[in-house]
Amino acid sequence: MSEGRESSEGGGSHIAFDSAEKVFSLFTAASCYVLWVGDDGRLIHVGSAPVGSMGEARRLGMRGISAYTDTMQGWDRQEDREEFSVLGDTSYHDVAMAAQFPEPGGPLVPGEVFSGSVRDVRLRYVSHRIAEDEEPGLAPGHGLNTRVRQPRQTLIIHLRDTLYDFSVELFYRLTPEQDIFERWVEIRNDTSHTVQLTRLAFACLHLPRSATALVSLTGGAGREFQRTRYELAQGTLLFEHCGLNTGHAHNPVFCAHRPGQADEEHGDVFFGALAFSGNWSLRFETLPNGTTRVLGGYELLDFGMSLAPGQSHRTPAMLFGWSSEGIGGASRKMHRYLRERILPDTGDRPVLYNSWEATGFDVREDHQLELARRAASMGVELFCVDDGWFGGRAHSAAGLGDWSPRASAFPGGLKAFAEKIRALGMRFGLWVEPEMVNPDSDLYRAHPDWVLHYPGRPRTEARNQLVLDFGRPEVIEHLLRCLSNLVAEFGVDFLKWDMNRYATEAGSVAGQSVGYSHARGLYRIMDELRRRHPGLEIQTCSGGGGRVDPGIFARCDQAWISDNTDAHERVGIQEGYTLAYPARTMECWVTAEKNPLTQRISDLALRFDVAMRGALGIGARLDELTAGEIAGFRQQIAFYKRIRSVVQNGDLFRLDEVGRASASVWLFVSANRAQAVFSSIILATPHGQLRGPFRLCGLDASLSYRVTNCRNEEVGCFPGWQLMAFGLPDDHLTAGACRSVRSRTLLLEGLNPDDPP
Ligand code: DGJ
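Residues numbered from 1 in each chain as written. Predicted model: local features only at pLDDT ≥ 70, side-chain atom pairs only at ≥ 80, totals over all residues. Heavy atoms only, no water.

*Asks:* Mind showing me how you'd approach the overall build of the protein here?
*Replies:* Helix and strand counts for the protein come out as 15 helices and 37 strands. For the protein, whose C-alpha radius of gyration is 27 Å, the value lies close to the compact-globule estimate of 27 Å for 757 residues. Viewed in the frame of its principal axes, the protein has a C-alpha envelope of about 90 × 70 × 45 Å. Burial status across the protein gives 61% buried among its 757 residues. (Helix = DSSP H or I, 4+ residues; strand = E, 2+ residues; numbered from the N terminus. Rg over C-alpha atoms; globule rule 2.2 N^0.38 Å. Buried < 20%, exposed > 50% of the residue type's maximum accessible area, 1.4 Å probe, protein only.)

As structure tokens, this is what we get:
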């Protein structure tokens, strides 16, 4: 290292290294992240912070590092803020990585004999470099563009064990425009023996001091994405899922802030998420000194990974960042990041029809065509046939694994059916569940060894199905061949990719890396399908919202977020979903007036108002609708097409949350602030309660906005400043409780200032 300051500026980010102080300072547009190479070569976290208003920060750099770091090191180092804590040295707390060197330890150090594995790693700084366009592990291989492709700077710090030729590179990629940092690691074994990793996080983060208020998403099938609050106290809070998907119970995202110092639109909030769809864990360990470290990466329960001599492993990423506009600001940053940097750039999401709730497994060509004709006449753009179209799949006990059309369902042939769908002006989609097999299937009969199992032990079925072993290359190649042929032969434009059970008894050729190898196989099939068929789009689904995370959105355009289509209950599910995920990815169907799941009756306006908050879909029995209802559907779909670009690409402000006041009020604002969509859902109004108008956010104060409803009737025209100061005058919100549920969606269009009012 030479004495002095070395810095690299690129695309709005700034990475500086002060070799005298041995400090790295990483700046995005409005936040910083600082780390320090301690005197003994350990890499120590100094802090991260929002510095939005401090224009001079980058130029001045970090000074007087010792004043910050002297207090950081206890004798046993348990409370050190290491950038990547490892088991070894004097550590006995939770760590980001634990490794076992072979037994006996002797061969590694000639002359010494030791019976047992060496579980001691001591990582010290060796060097660093700055690179452009580095990618984390499991980065998409489909070649499709994202909306924003400006190169990004990545700081790479090389650490090496003090004795063995075993190293870890830490990656820090900066996305300056959204203040997003991503971290991942690459482990390299250059010893002459296989090393066993028994614990591996993608990153170790340190929450800002006193940020003990935590928000995350929990739930279950049918009640996914519930916003849940925790108060961090000494000890460990663990979220983990080991079913080979992301899971329903927890979602790998979080926001943290000081209690009472942040809310929906105010205050500093630190947020993060894991970009991985396999077995994962997120641990928040609060130490006796009151600091909290966050370890995010592979599962704890049953993780293991072998690295042969010369082998390396690069993990997926953990992303994190700062918002100075509360939790709403954190959501907007994550939404923009996903829209612009992660999701394939495939344009606005189409209005979809899906047959599942209408027909279940009773898929019949003539009936599906009847539904398709009605859907097309209403303005639907994509028709997706759900479960039941293939193999022996007349029910849930047969056919999974046999991906060719069921002749009794499509006597005229699926190809001819797909052509009829296209002739109606719609694109054609199919449901698949490629990771699964029913024992009653040709695939299972031919390859009973292809499922996850332990030899001679039970293979427990759930929904009559078993899980294929994605650690086997032959399984991946087989599925790729089947699905690619399917897409090519029938001109499939859209796959709804489902996964309807968690894996158990996960005996795999990949051993304890099954959680990783399953996600790698899944991503490989999806990426390769999209590479071969660039027009193909994919929806992630796992018994509803069981596989939603930033990793899957690098290869899926949208998600089926819950099987719960009851408008009433869905409001909260959708609201929770938007904590991290953008509205354009949120597929929402309008289904029957009487919900089949809950038996609750919801009127057409409510069902549409709720579904129009995301990517609109229809799932109703269209052949049972009255002429009046069909006209209503047609009108609402036409209205959605007027508002969808704002909903799908705009910034979301959650003005009131359903969890607080039974009123969910949202505003989407376009990037240029010329258009906005107002959506209010009042689920209950106790007798006598008045609700004032909600002040709007994010509009252009100098514009006037013309407000129209779904019938294209003008509701009024108001100055932007007035809407932001006082809200939309709204008798709908202020009237007494004449009906218990009320909802409406309005389009706000900014008028040219020169236009007459
Ligand atoms: C679960 C999904 O969430 C449903 O939408 C539907 O596709 C079924 N699976 C089909 O089996």
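*Asks:* I keep staring at the state of the cysteines and nothing clicks. Help me out?
*Replies:* As used here, a disulfide is simply a covalent bond connecting the sulfur atoms of two cysteines. As enumerated under the stated definition, the model contains zero disulfides in all. Of all cysteine sulfurs, the one in C204 lies closest to C242, which takes part in no disulfide; the gap is 20 Å. With no disulfide partner, C710 has as its closest neighbouring cysteine sulfur the one in C588, 17 Å distant. (Disulfide = S-S within 2.5 Å.)

*Asks:* What's the story with the sheet that holds strand β2 (residues 13-18) in this structure? I'm lost.
*Replies:* Sheets are built from strands that pair by backbone hydrogen bonding, the pairs being arranged parallel or antiparallel. Taking strand neighbours across the sheet as the criterion, the five strands line up as β1-β2-β3-β4-β5 in an open arrangement whose pairing is antiparallel. If you trace the sheet from one side to the other, it starts and ends with β1 (5-10) and β5 (43-50), each paired once. Between one strand and the next, the sheet's axes are offset by a mean angle of 10°, whatever the strand orientation. When strand β3 (residues 23-27) meets strand β4 (residues 31-37), the two strands line up antiparallel, connected through five bridges. Following the sheet pairing, L26 is matched in β4 by Y33. (Pairing = 2+ DSSP bridges. Axes fitted to C-alpha atoms, helices over the stretch in contact; angles between N-to-C directions.)

*Asks:* Please clarify how the sheet that holds strand β28 (residues 537-540) should be interpreted in this entry.
*Replies:* With parallel pairing, the eight strands of this closed barrel are ordered in space as β22-β23-β24-β27-β28-β29-β30-β31. On average, each strand axis in the sheet is inclined to that of its neighbour by 30°, with strand direction left out of account. Sitting on the sheet, helix α12 (residues 627-649) touches β30 (586-590) and β31 (615-618), and the angle it makes with β31 is about 155°. (Contact = heavy atoms within 4.5 Å.)

*Asks:* Could you clarify how one ought to interpret the environment of V185 in this entry?
*Replies:* Within the secondary structure layout, V185 lies in strand β10 (residues 180-189). A sequence separation of 503 residues divides V185 from G688, and the C-alpha atoms of the two residues are 58 Å apart. Residues within four places of V185 in sequence aside, it is in contact with F84, V168, E169, L170, F171, L200, A201, F202, H313, R314 and T315.

*Asks:* Mind showing me how you'd approach the pairing of strand β11 (residues 195-206) here?
*Replies:* Burial analysis of β11 places nine of its 12 residues in the buried class, which makes it a mostly covered element. Note: strand β6 (residues 97-100) against β11, four bridges, orientation antiparallel. Bridge pairing links Q100 to Q196 in β11. Alignment of β11 against strand β19 (residues 305-307), held across three bridges, turns out to be antiparallel. Among the inter-strand pairings, Q196 is bridged to a residue of β19, identified as S306. Bridge count between β11 and strand β18 (residues 292-298): five bridges; the pairing is antiparallel. Among the inter-strand pairings, C204 is bridged to a residue of β18, identified as L295.

Everything listed here is a matter of coordinates, which is why it stays silent on function.
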